[in-house]
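Fold and geometry: a report
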Amino acid sequence: MSLVRLALPQSLLFRLPLVAATLVVLTALLVASGLGWLTQRYLIEDVDAGAFQAMAAWNKSLPSLIQQDNVWGMYEALTSVTSAETGRGSGQSLAVVLTPGGSVFASSNPHLFPTARPPNWAPLWAPGTLKLSSLDNLEGRHRPGLSPPIQSGHWRIYVSALRGGSGPSAGTLVYAVSDALYRSRLLSMLWWIGTITALAVALFVPIIWMLNRRMLSPLARLRQSMALDNGQAQRVGSALAGRADEVGALARAFTQLLEQVEQSRRAEKLAAVGALAAATAHEINNPLGGMINAVRTAKRFGSFDDTTQQTLNLLDRGLEQLRTIAQALLAQTRPAERDLMQQDLCDLVELVGPCRHERQIALQTGFDVPESIPLAAGPVRQATLNILLNACHAALVGSTLVFAAELSAAAGTLRITVRNQGAAPPVTAMDGNSPSGLPSTSGFGLWESRRLLLDIGGSLTLSHAAGTTTAMIEIPLRHSG
(Lines give C-alpha, C1' and ligand atoms only; values in the text may rest on other atoms or scores of the structure.)
Protein backbone atom coordinates (compact mmCIF):
# COMPACT_ATOMS: atom_id res chain seq x y z
CA MET A 1 0.00 0.00 0.00
CA SER A 2 1.63 3.23 -1.16
CA LEU A 3 1.38 6.40 0.85
CA VAL A 4 0.49 9.56 -1.05
CA ARG A 5 2.31 12.60 0.34
CA LEU A 6 1.21 16.14 -0.33
CA ALA A 7 3.97 17.85 -2.32
CA LEU A 8 4.40 21.46 -1.24
CA PRO A 9 6.56 24.04 -3.01
CA GLN A 10 10.03 24.23 -1.48
CA SER A 11 10.18 28.02 -1.62
CA LEU A 12 10.21 29.81 1.73
CA LEU A 13 7.94 32.42 0.13
CA PHE A 14 5.22 29.76 0.31
CA ARG A 15 6.20 27.54 3.21
CA LEU A 16 6.77 30.18 5.92
CA PRO A 17 3.56 32.14 5.16
CA LEU A 18 1.71 28.81 5.16
CA VAL A 19 3.16 27.91 8.57
CA ALA A 20 2.33 31.37 9.95
CA ALA A 21 -1.24 31.23 8.57
CA THR A 22 -1.69 27.72 10.00
CA LEU A 23 -0.53 28.90 13.42
CA VAL A 24 -2.99 31.80 13.23
CA VAL A 25 -5.85 29.40 12.42
CA LEU A 26 -4.84 26.96 15.19
CA THR A 27 -4.51 29.80 17.70
CA ALA A 28 -7.93 31.13 16.74
CA LEU A 29 -9.48 27.67 17.12
CA LEU A 30 -7.78 27.18 20.48
CA VAL A 31 -8.98 30.57 21.75
CA ALA A 32 -12.50 29.88 20.46
CA SER A 33 -12.54 26.47 22.17
CA GLY A 34 -11.33 28.03 25.42
CA LEU A 35 -13.96 30.75 25.25
CA GLY A 36 -16.66 28.16 24.55
CA TRP A 37 -15.58 26.06 27.52
CA LEU A 38 -15.45 29.11 29.81
CA THR A 39 -18.85 30.26 28.57
CA GLN A 40 -20.40 26.87 29.35
CA ARG A 41 -18.76 26.85 32.78
CA TYR A 42 -19.97 30.36 33.60
CA LEU A 43 -23.52 29.51 32.46
CA ILE A 44 -23.54 26.40 34.65
CA GLU A 45 -22.27 28.41 37.58
CA ASP A 46 -25.01 30.94 36.87
CA VAL A 47 -27.59 28.14 36.93
CA ASP A 48 -26.12 26.79 40.19
CA ALA A 49 -26.23 30.25 41.76
CA GLY A 50 -29.89 30.68 40.76
CA ALA A 51 -30.75 27.22 42.09
CA PHE A 52 -29.14 27.86 45.47
CA GLN A 53 -30.88 31.21 45.76
CA ALA A 54 -34.24 29.50 45.09
CA MET A 55 -33.49 26.76 47.61
CA ALA A 56 -32.46 29.33 50.21
CA ALA A 57 -35.83 31.03 49.79
CA TRP A 58 -37.66 27.73 49.95
CA ASN A 59 -35.80 26.72 53.09
CA LYS A 60 -37.35 29.73 54.82
CA SER A 61 -40.94 29.22 53.65
CA LEU A 62 -41.51 25.52 53.04
CA PRO A 63 -40.98 24.06 56.56
CA SER A 64 -43.96 26.03 57.92
CA LEU A 65 -46.16 24.81 55.04
CA ILE A 66 -45.22 21.21 55.86
CA GLN A 67 -46.11 21.75 59.49
CA GLN A 68 -49.46 23.25 58.38
CA ASP A 69 -49.99 20.34 55.99
CA ASN A 70 -50.70 22.95 53.29
CA VAL A 71 -50.14 20.93 50.09
CA TRP A 72 -51.74 23.53 47.86
CA GLY A 73 -49.64 26.34 49.31
CA MET A 74 -46.57 24.15 48.86
CA TYR A 75 -47.48 23.57 45.19
CA GLU A 76 -47.86 27.30 44.56
CA ALA A 77 -44.56 28.03 46.30
CA LEU A 78 -42.76 25.46 44.13
CA THR A 79 -44.36 26.38 40.80
CA SER A 80 -43.85 30.10 41.38
CA VAL A 81 -40.09 29.52 41.08
CA THR A 82 -39.98 26.75 38.47
CA SER A 83 -42.41 28.55 36.17
CA ALA A 84 -40.44 31.81 36.48
CA GLU A 85 -37.16 30.08 35.58
CA THR A 86 -38.48 28.02 32.70
CA GLY A 87 -40.62 30.85 31.31
CA ARG A 88 -43.43 28.50 30.34
CA GLY A 89 -43.13 25.67 32.84
CA SER A 90 -42.12 23.35 29.99
CA GLY A 91 -40.32 20.82 32.15
CA GLN A 92 -36.92 22.53 32.20
CA SER A 93 -36.97 22.56 36.04
CA LEU A 94 -38.64 20.40 38.66
CA ALA A 95 -39.04 20.66 42.47
CA VAL A 96 -40.12 17.84 44.82
CA VAL A 97 -40.67 18.00 48.61
CA LEU A 98 -40.47 14.74 50.49
CA THR A 99 -41.84 13.99 53.96
CA PRO A 100 -39.54 12.58 56.65
CA GLY A 101 -41.04 9.20 55.80
CA GLY A 102 -39.83 9.45 52.19
CA SER A 103 -43.18 9.96 50.36
CA VAL A 104 -43.98 12.93 48.13
CA PHE A 105 -45.52 15.84 50.06
CA ALA A 106 -45.82 18.09 47.00
CA SER A 107 -44.11 18.70 43.64
CA SER A 108 -44.16 21.22 40.83
CA ASN A 109 -45.22 18.39 38.46
CA PRO A 110 -47.87 16.18 40.18
CA HIS A 111 -48.10 13.95 37.08
CA LEU A 112 -44.52 12.73 37.51
CA PHE A 113 -44.48 12.87 41.30
CA PRO A 114 -48.01 12.34 42.72
CA THR A 115 -48.68 13.44 46.29
CA ALA A 116 -48.57 10.92 49.17
CA ARG A 117 -46.75 8.30 47.06
CA PRO A 118 -43.17 7.06 47.04
CA PRO A 119 -41.24 9.03 44.42
CA ASN A 120 -40.26 7.45 41.11
CA TRP A 121 -36.86 8.95 40.25
CA ALA A 122 -36.66 7.36 36.82
CA PRO A 123 -37.28 10.68 34.94
CA LEU A 124 -34.28 12.27 36.72
CA TRP A 125 -32.07 9.24 37.00
CA ALA A 126 -29.53 8.38 34.27
CA PRO A 127 -27.31 5.51 35.47
CA GLY A 128 -23.65 5.83 34.49
CA THR A 129 -23.77 9.63 34.17
CA LEU A 130 -23.77 10.67 37.79
CA LYS A 131 -21.23 13.32 38.68
CA LEU A 132 -20.89 15.25 41.93
CA SER A 133 -19.97 18.90 41.36
CA SER A 134 -17.96 21.10 43.71
CA LEU A 135 -19.58 23.73 45.91
CA ASP A 136 -16.67 26.17 45.48
CA ASN A 137 -17.61 29.72 44.55
CA LEU A 138 -21.34 28.91 44.96
CA GLU A 139 -23.63 30.87 47.22
CA GLY A 140 -24.92 28.86 50.19
CA ARG A 141 -22.06 26.35 50.13
CA HIS A 142 -21.63 26.64 53.90
CA ARG A 143 -25.29 26.01 54.72
CA PRO A 144 -25.74 22.70 56.61
CA GLY A 145 -27.90 20.07 54.94
CA LEU A 146 -27.14 21.29 51.39
CA SER A 147 -25.57 18.76 49.01
CA PRO A 148 -23.33 19.69 46.07
CA PRO A 149 -24.99 19.71 42.63
CA ILE A 150 -25.41 16.24 41.13
CA GLN A 151 -25.16 15.84 37.33
CA SER A 152 -27.41 13.05 36.10
CA GLY A 153 -27.87 12.88 32.37
CA HIS A 154 -29.07 16.32 31.24
CA TRP A 155 -30.31 17.22 34.76
CA ARG A 156 -28.50 19.06 37.55
CA ILE A 157 -30.02 17.98 40.87
CA TYR A 158 -29.83 19.90 44.16
CA VAL A 159 -30.82 18.30 47.49
CA SER A 160 -31.42 20.15 50.77
CA ALA A 161 -32.88 19.23 54.17
CA LEU A 162 -35.85 21.38 55.31
CA ARG A 163 -35.74 22.41 58.94
CA GLY A 164 -38.10 24.62 60.89
CA GLY A 165 -35.79 26.52 63.23
CA SER A 166 -33.51 24.29 65.29
CA GLY A 167 -35.94 21.34 65.37
CA PRO A 168 -35.68 18.05 63.55
CA SER A 169 -35.87 17.81 59.78
CA ALA A 170 -39.30 18.63 58.39
CA GLY A 171 -38.57 17.00 55.04
CA THR A 172 -36.29 16.98 52.04
CA LEU A 173 -36.23 19.34 49.03
CA VAL A 174 -35.10 18.01 45.64
CA TYR A 175 -34.66 20.59 42.89
CA ALA A 176 -33.70 19.54 39.35
CA VAL A 177 -32.79 21.89 36.50
CA SER A 178 -32.45 20.70 32.87
CA ASP A 179 -29.43 21.64 30.72
CA ALA A 180 -31.91 23.03 28.22
CA LEU A 181 -32.33 25.98 30.59
CA TYR A 182 -28.93 27.38 29.53
CA ARG A 183 -28.26 25.44 26.30
CA SER A 184 -29.99 28.01 24.06
CA ARG A 185 -27.89 30.80 25.58
CA LEU A 186 -24.78 28.66 25.19
CA LEU A 187 -25.50 27.98 21.52
CA SER A 188 -26.13 31.67 20.89
CA MET A 189 -22.86 32.67 22.51
CA LEU A 190 -20.96 29.88 20.73
CA TRP A 191 -22.39 31.14 17.43
CA TRP A 192 -21.06 34.61 18.15
CA ILE A 193 -17.69 33.22 19.23
CA GLY A 194 -17.49 31.15 16.05
CA THR A 195 -18.52 34.08 13.85
CA ILE A 196 -15.97 36.45 15.41
CA THR A 197 -13.26 33.76 15.16
CA ALA A 198 -14.05 33.15 11.48
CA LEU A 199 -13.94 36.89 10.74
CA ALA A 200 -10.64 37.24 12.61
CA VAL A 201 -9.13 34.32 10.67
CA ALA A 202 -10.42 35.71 7.35
CA LEU A 203 -8.90 39.11 8.19
CA PHE A 204 -5.57 38.15 9.73
CA VAL A 205 -4.56 35.15 7.61
CA PRO A 206 -4.18 37.26 4.40
CA ILE A 207 -2.40 39.97 6.40
CA ILE A 208 0.01 37.47 7.95
CA TRP A 209 0.51 35.86 4.53
CA MET A 210 1.34 39.18 2.83
CA LEU A 211 3.59 40.39 5.67
CA ASN A 212 5.59 37.14 5.61
CA ARG A 213 6.00 37.29 1.85
CA ARG A 214 7.02 40.93 2.05
CA MET A 215 9.63 40.20 4.70
CA LEU A 216 10.96 37.23 2.73
CA SER A 217 10.96 38.96 -0.68
CA PRO A 218 14.52 40.34 -0.19
CA LEU A 219 15.75 36.80 0.36
CA ALA A 220 13.95 35.74 -2.81
CA ARG A 221 15.61 38.58 -4.74
CA LEU A 222 18.98 37.53 -3.35
CA ARG A 223 18.36 33.92 -4.38
CA GLN A 224 17.23 34.93 -7.88
CA SER A 225 20.31 37.12 -8.28
CA MET A 226 22.49 34.02 -7.96
CA ALA A 227 21.28 32.95 -11.40
CA LEU A 228 22.33 36.29 -12.93
CA ASP A 229 25.76 37.33 -14.10
CA ASN A 230 28.26 38.70 -11.61
CA GLY A 231 27.56 42.38 -12.31
CA GLN A 232 23.77 42.11 -11.96
CA ALA A 233 24.12 39.95 -8.84
CA GLN A 234 26.41 42.56 -7.28
CA ARG A 235 23.90 45.33 -8.03
CA VAL A 236 21.11 43.36 -6.31
CA GLY A 237 23.37 42.56 -3.35
CA SER A 238 24.48 46.19 -3.04
CA ALA A 239 20.84 47.37 -3.10
CA LEU A 240 19.97 45.02 -0.22
CA ALA A 241 23.20 45.57 1.73
CA GLY A 242 21.92 48.89 3.07
CA ARG A 243 19.32 47.16 5.25
CA ALA A 244 20.05 47.09 8.99
CA ASP A 245 18.59 43.62 9.58
CA GLU A 246 19.83 40.07 8.99
CA VAL A 247 18.94 40.31 5.30
CA GLY A 248 21.30 43.29 4.96
CA ALA A 249 24.09 41.36 6.69
CA LEU A 250 23.49 38.40 4.39
CA ALA A 251 23.49 40.68 1.34
CA ARG A 252 26.76 42.29 2.45
CA ALA A 253 28.36 38.88 2.90
CA PHE A 254 26.98 37.81 -0.49
CA THR A 255 28.39 40.92 -2.19
CA GLN A 256 31.75 40.40 -0.53
CA LEU A 257 31.77 36.80 -1.73
CA LEU A 258 31.00 37.94 -5.28
CA GLU A 259 33.87 40.43 -5.12
CA GLN A 260 36.23 37.72 -3.93
CA VAL A 261 35.07 35.44 -6.74
CA GLU A 262 35.58 38.26 -9.25
CA GLN A 263 39.05 38.99 -7.88
CA SER A 264 39.92 35.30 -8.09
CA ARG A 265 38.64 35.17 -11.66
CA ARG A 266 40.70 38.21 -12.61
CA ALA A 267 43.76 36.80 -10.87
CA GLU A 268 43.38 33.56 -12.81
CA LYS A 269 42.92 35.51 -16.02
CA LEU A 270 45.99 37.63 -15.32
CA ALA A 271 47.99 34.53 -14.45
CA ALA A 272 46.95 32.91 -17.72
CA VAL A 273 47.82 36.07 -19.63
CA GLY A 274 51.18 36.25 -17.85
CA ALA A 275 51.98 32.65 -18.67
CA LEU A 276 51.02 33.20 -22.31
CA ALA A 277 53.03 36.42 -22.45
CA ALA A 278 56.08 34.72 -20.96
CA ALA A 279 55.82 31.86 -23.43
CA THR A 280 55.39 34.28 -26.31
CA ALA A 281 58.32 36.42 -25.14
CA HIS A 282 60.51 33.32 -24.94
CA GLU A 283 59.64 32.37 -28.49
CA ILE A 284 60.27 35.85 -29.95
CA ASN A 285 63.35 36.74 -27.93
CA ASN A 286 65.86 34.91 -30.15
CA PRO A 287 64.39 36.11 -33.51
CA LEU A 288 64.41 39.65 -32.12
CA GLY A 289 68.07 39.36 -31.23
CA GLY A 290 68.88 38.24 -34.74
CA MET A 291 66.92 41.09 -36.29
CA ILE A 292 68.63 43.67 -34.06
CA ASN A 293 72.06 42.29 -34.94
CA ALA A 294 71.20 42.41 -38.64
CA VAL A 295 70.03 46.03 -38.48
CA ARG A 296 73.06 47.15 -36.49
CA THR A 297 75.44 45.27 -38.80
CA ALA A 298 73.85 46.99 -41.77
CA LYS A 299 74.17 50.39 -40.05
CA ARG A 300 77.80 49.73 -39.15
CA PHE A 301 79.13 48.43 -42.41
CA GLY A 302 76.62 49.77 -44.96
CA SER A 303 76.33 53.09 -46.72
CA PHE A 304 72.78 54.43 -47.13
CA ASP A 305 71.00 57.61 -48.06
CA ASP A 306 69.31 59.74 -45.37
CA THR A 307 65.86 58.16 -45.75
CA THR A 308 67.19 54.62 -45.47
CA GLN A 309 69.42 55.57 -42.55
CA GLN A 310 66.46 57.16 -40.76
CA THR A 311 64.41 54.02 -41.38
CA LEU A 312 67.17 51.77 -40.01
CA ASN A 313 67.44 53.93 -36.89
CA LEU A 314 63.68 53.69 -36.38
CA LEU A 315 63.83 49.90 -36.77
CA ASP A 316 66.76 49.69 -34.34
CA ARG A 317 64.97 51.62 -31.61
CA GLY A 318 61.67 49.78 -32.15
CA LEU A 319 63.28 46.33 -32.11
CA GLU A 320 65.25 47.27 -29.00
CA GLN A 321 62.02 48.23 -27.28
CA LEU A 322 60.45 44.91 -28.24
CA ARG A 323 63.46 43.02 -26.84
CA THR A 324 63.24 45.03 -23.62
CA ILE A 325 59.56 44.14 -23.28
CA ALA A 326 60.27 40.47 -23.99
CA GLN A 327 63.03 40.39 -21.38
CA ALA A 328 60.74 42.07 -18.85
CA LEU A 329 58.07 39.44 -19.46
CA LEU A 330 60.59 36.65 -19.02
CA ALA A 331 62.14 38.07 -15.85
CA GLN A 332 58.82 39.44 -14.47
CA THR A 333 60.71 42.64 -13.61
CA ARG A 334 61.47 45.67 -15.68
CA PRO A 335 65.22 45.92 -16.31
CA ALA A 336 67.09 49.19 -16.54
CA GLU A 337 66.20 50.92 -19.80
CA ARG A 338 67.82 53.65 -21.81
CA ASP A 339 66.71 57.23 -21.37
CA LEU A 340 63.92 58.67 -23.49
CA MET A 341 65.20 60.64 -26.48
CA GLN A 342 63.58 63.46 -28.39
CA GLN A 343 63.95 61.20 -31.41
CA ASP A 344 61.62 58.70 -29.71
CA LEU A 345 58.84 61.27 -29.91
CA CYS A 346 59.65 61.84 -33.58
CA ASP A 347 59.45 58.06 -34.09
CA LEU A 348 55.90 58.11 -32.72
CA VAL A 349 55.00 60.73 -35.34
CA GLU A 350 56.22 58.33 -38.02
CA LEU A 351 54.42 55.33 -36.49
CA VAL A 352 51.06 57.12 -36.35
CA GLY A 353 51.48 58.32 -39.94
CA PRO A 354 49.56 55.48 -41.69
CA CYS A 355 46.49 56.08 -39.46
CA ARG A 356 46.60 59.84 -40.16
CA HIS A 357 46.83 59.37 -43.90
CA GLU A 358 43.99 56.85 -43.87
CA ARG A 359 41.66 59.21 -41.98
CA GLN A 360 43.00 62.39 -43.62
CA ILE A 361 43.98 63.91 -40.25
CA ALA A 362 46.53 66.69 -39.90
CA LEU A 363 49.12 66.55 -37.12
CA GLN A 364 50.33 69.51 -35.08
CA THR A 365 53.42 68.82 -32.97
CA GLY A 366 55.32 70.79 -30.39
CA PHE A 367 58.25 69.25 -28.49
CA ASP A 368 59.87 71.50 -25.88
CA VAL A 369 62.21 68.83 -24.52
CA PRO A 370 65.98 68.21 -24.55
CA GLU A 371 67.68 65.53 -26.62
CA SER A 372 67.81 63.13 -23.63
CA ILE A 373 65.18 62.87 -20.89
CA PRO A 374 65.80 60.80 -17.70
CA LEU A 375 62.82 58.50 -18.19
CA ALA A 376 62.49 54.83 -19.20
CA ALA A 377 62.05 55.03 -22.96
CA GLY A 378 60.07 51.80 -23.45
CA PRO A 379 57.00 52.50 -21.24
CA VAL A 380 56.74 56.12 -22.37
CA ARG A 381 56.98 55.22 -26.08
CA GLN A 382 54.42 52.41 -25.79
CA ALA A 383 51.91 54.32 -23.64
CA THR A 384 52.12 57.45 -25.81
CA LEU A 385 51.76 55.42 -29.01
CA ASN A 386 48.58 53.76 -27.62
CA ILE A 387 47.12 57.17 -26.80
CA LEU A 388 48.03 58.58 -30.24
CA LEU A 389 46.47 55.64 -32.09
CA ASN A 390 43.29 55.82 -29.98
CA ALA A 391 43.04 59.57 -30.60
CA CYS A 392 43.62 59.11 -34.34
CA HIS A 393 40.86 56.49 -34.66
CA ALA A 394 38.44 58.59 -32.56
CA ALA A 395 39.15 61.91 -34.33
CA LEU A 396 36.78 63.33 -36.92
CA VAL A 397 37.83 62.84 -40.53
CA GLY A 398 39.73 65.89 -41.73
CA SER A 399 40.36 67.29 -38.22
CA THR A 400 43.69 68.13 -36.60
CA LEU A 401 45.49 65.97 -34.05
CA VAL A 402 47.68 67.80 -31.51
CA PHE A 403 50.75 66.07 -30.08
CA ALA A 404 52.90 68.13 -27.68
CA ALA A 405 55.52 67.45 -25.00
CA GLU A 406 57.16 69.80 -22.52
CA LEU A 407 59.63 69.34 -19.72
CA SER A 408 59.14 71.17 -16.42
CA ALA A 409 62.52 71.18 -14.72
CA ALA A 410 61.10 72.98 -11.66
CA ALA A 411 58.37 70.39 -11.12
CA GLY A 412 60.61 67.55 -12.28
CA THR A 413 57.98 66.13 -14.66
CA LEU A 414 57.46 65.44 -18.33
CA ARG A 415 54.01 66.39 -19.62
CA ILE A 416 52.72 64.90 -22.88
CA THR A 417 49.45 66.18 -24.34
CA VAL A 418 47.38 64.50 -27.06
CA ARG A 419 44.24 66.34 -28.22
CA ASN A 420 41.68 65.34 -30.86
CA GLN A 421 38.25 66.49 -32.01
CA GLY A 422 35.51 63.87 -31.79
CA ALA A 423 33.01 62.09 -29.58
CA ALA A 424 33.62 61.73 -25.87
CA PRO A 425 35.30 58.48 -24.71
CA PRO A 426 33.21 55.98 -22.71
CA VAL A 427 32.68 56.73 -19.03
CA THR A 428 34.73 53.68 -18.05
CA ALA A 429 37.65 54.99 -20.13
CA MET A 430 37.46 58.39 -18.40
CA ASP A 431 38.02 56.75 -15.02
CA GLY A 432 41.48 57.70 -13.86
CA ASN A 433 41.78 55.04 -11.17
CA SER A 434 44.67 52.64 -11.24
CA PRO A 435 43.92 49.47 -13.25
CA SER A 436 42.97 46.53 -11.02
CA GLY A 437 42.33 43.92 -13.70
CA LEU A 438 41.89 43.38 -17.39
CA PRO A 439 39.02 45.30 -19.01
CA SER A 440 35.95 43.14 -19.53
CA THR A 441 35.16 44.34 -23.08
CA SER A 442 37.10 47.13 -24.84
CA GLY A 443 39.63 49.77 -23.81
CA PHE A 444 42.66 47.48 -23.56
CA GLY A 445 44.96 50.19 -25.04
CA LEU A 446 44.04 52.73 -22.36
CA TRP A 447 44.30 50.06 -19.68
CA GLU A 448 47.77 49.05 -20.87
CA SER A 449 48.86 52.69 -21.09
CA ARG A 450 47.79 53.37 -17.51
CA ARG A 451 49.56 50.21 -16.35
CA LEU A 452 52.80 51.15 -18.11
CA LEU A 453 52.72 54.69 -16.74
CA LEU A 454 51.88 53.44 -13.25
CA ASP A 455 55.02 51.27 -13.29
CA ILE A 456 57.21 54.39 -13.66
CA GLY A 457 55.12 56.59 -11.36
CA GLY A 458 53.20 58.38 -14.11
CA SER A 459 49.49 59.03 -14.63
CA LEU A 460 47.01 59.41 -17.49
CA THR A 461 44.05 61.79 -17.28
CA LEU A 462 41.27 62.04 -19.89
CA SER A 463 38.90 64.98 -20.23
CA HIS A 464 36.33 66.08 -22.79
CA ALA A 465 34.93 69.57 -23.36
CA ALA A 466 33.37 71.36 -26.35
CA GLY A 467 33.86 68.35 -28.64
CA THR A 468 37.57 68.03 -27.84
CA THR A 469 39.13 65.13 -25.94
CA THR A 470 42.42 65.75 -24.15
CA ALA A 471 44.74 63.03 -22.87
CA MET A 472 47.28 64.32 -20.35
CA ILE A 473 50.33 62.21 -19.42
CA GLU A 474 52.46 63.34 -16.49
CA ILE A 475 55.60 61.41 -15.52
CA PRO A 476 58.11 62.31 -12.78
CA LEU A 477 61.69 62.38 -14.00
CA ARG A 478 64.07 59.63 -12.91
CA HIS A 479 66.63 60.76 -10.37
CA SER A 480 70.21 59.94 -11.14
CA GLY A 481 72.27 58.40 -8.52
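Check the entry above for the structure.
Chains are numbered independently. Their residues run from 1 in the order of the written sequence. Given that the model is predicted, a residue must reach a pLDDT of at least 70 before its local features are reported, and side-chain atom pairs must reach 80 or more before they are shown or counted; all residues, however, enter totals for whole chains, interfaces and linings. Computation of side-chain values: all heavy atoms of the structure, hydrogens and water removed.

1. Focus on the sheet that holds strand β4 (residues 150-152)
Strand order in this open sheet of six strands is β2-β1-β6-β5-β4-β3, and the pairing throughout is antiparallel. The open sheet is flanked by β2 (104-107) and β3 (131-132), the only strands paired with a single partner. Two strands form a pair only when DSSP identifies at least two bridges running between them. Numbering goes from the N terminus for both helices and strands, where a helix is a DSSP run of H or I of at least four residues and a strand is a run of E of at least two. In terms of strand pairing, β4 meets strand β5 (residues 155-163) through three bridges, oriented antiparallel. Residue pairing for β5: Gln-151 is matched across the bridge by Arg-156.

2. A few points about the sheet that holds strand β8 (residues 362-368)
Taking strand neighbours across the sheet as the criterion, the five strands line up as β8-β10-β11-β13-β12 in an open arrangement whose pairing is mixed. Each of the sheet's edge strands pairs with one partner strand only, and the pair in question is β8 and β12 (459-465). Sheet twist, expressed as the mean angle between neighbouring strand axes with direction ignored, is 10°. Strand direction decides the pairing type here: β12 and strand β13 (residues 468-476), joined by seven bridges, are antiparallel. The residue bridging Ser-459 from the neighbouring strand is Glu-474, located in β13. Residues count as neighbours in contact if any of their non-hydrogen atoms are within 4.5 Å of one another. Between the N-to-C directions of two axes lies an angle of 0 to 180 degrees, each axis being a line fitted to C-alpha atoms and, for a helix, fitted only over the stretch in contact. Helix α7 (residues 342-351) rests against β8 and β10 (400-408) of the sheet, and its axis sits at about 175° to β8. Of the strands in this sheet, β10, β11 (413-421), β12 and β13 are in contact with helix α9 (residues 377-394), which crosses β11 at around 15°.

3. With respect to the nonpolar core
Among the nonpolar cores identified, the biggest contains 37 residues, and Leu-375, Phe-403, Leu-414, Val-418 and Leu-460 are the most heavily contacted of them. Of all the secondary-structure elements, those providing two or more residues to this core are α7, β9 (372-376), α9, β10, β11, α11 (444-455), β12 and β13. Take this core: its biggest share by element is eight residues, from α9. Those residues within four positions of Leu-375 in sequence are excluded, and the remaining contacts are Arg-338, Asp-339, Leu-340, Val-380, Leu-414, Ile-475, Pro-476, Leu-477 and Arg-478. Of all hydrophobic cores here, the second largest spans 28 residues; its members include Leu-43, Phe-52, Ile-66 and Leu-173. Within this scheme, the nonpolar core is defined by two criteria: the residues are buried Ala, Val, Leu, Ile, Met, Phe, Trp, Tyr or Cys, and they are joined through side-chain atoms within 4.5 Å. Relative accessibility under 20% of the residue-type maximum defines a buried residue, over 50% an exposed one, and the middle range a partly exposed one, all with a 1.4 Å probe and only protein chains included.

4. What about the packing of aromatic side chains?
Only Phe, Tyr and Trp rings are paired, with Trp represented by its six-membered ring, and only when their centres lie within 6.5 Å; those with planes under 30 degrees apart are stacked, over 60 edge-to-face, the remainder tilted. Scanning the model with the defined rule gives seven aromatic pairs in all. An aromatic cluster of three or more residues is present, and its members are Phe-52, Trp-58, Tyr-158 and Tyr-175.

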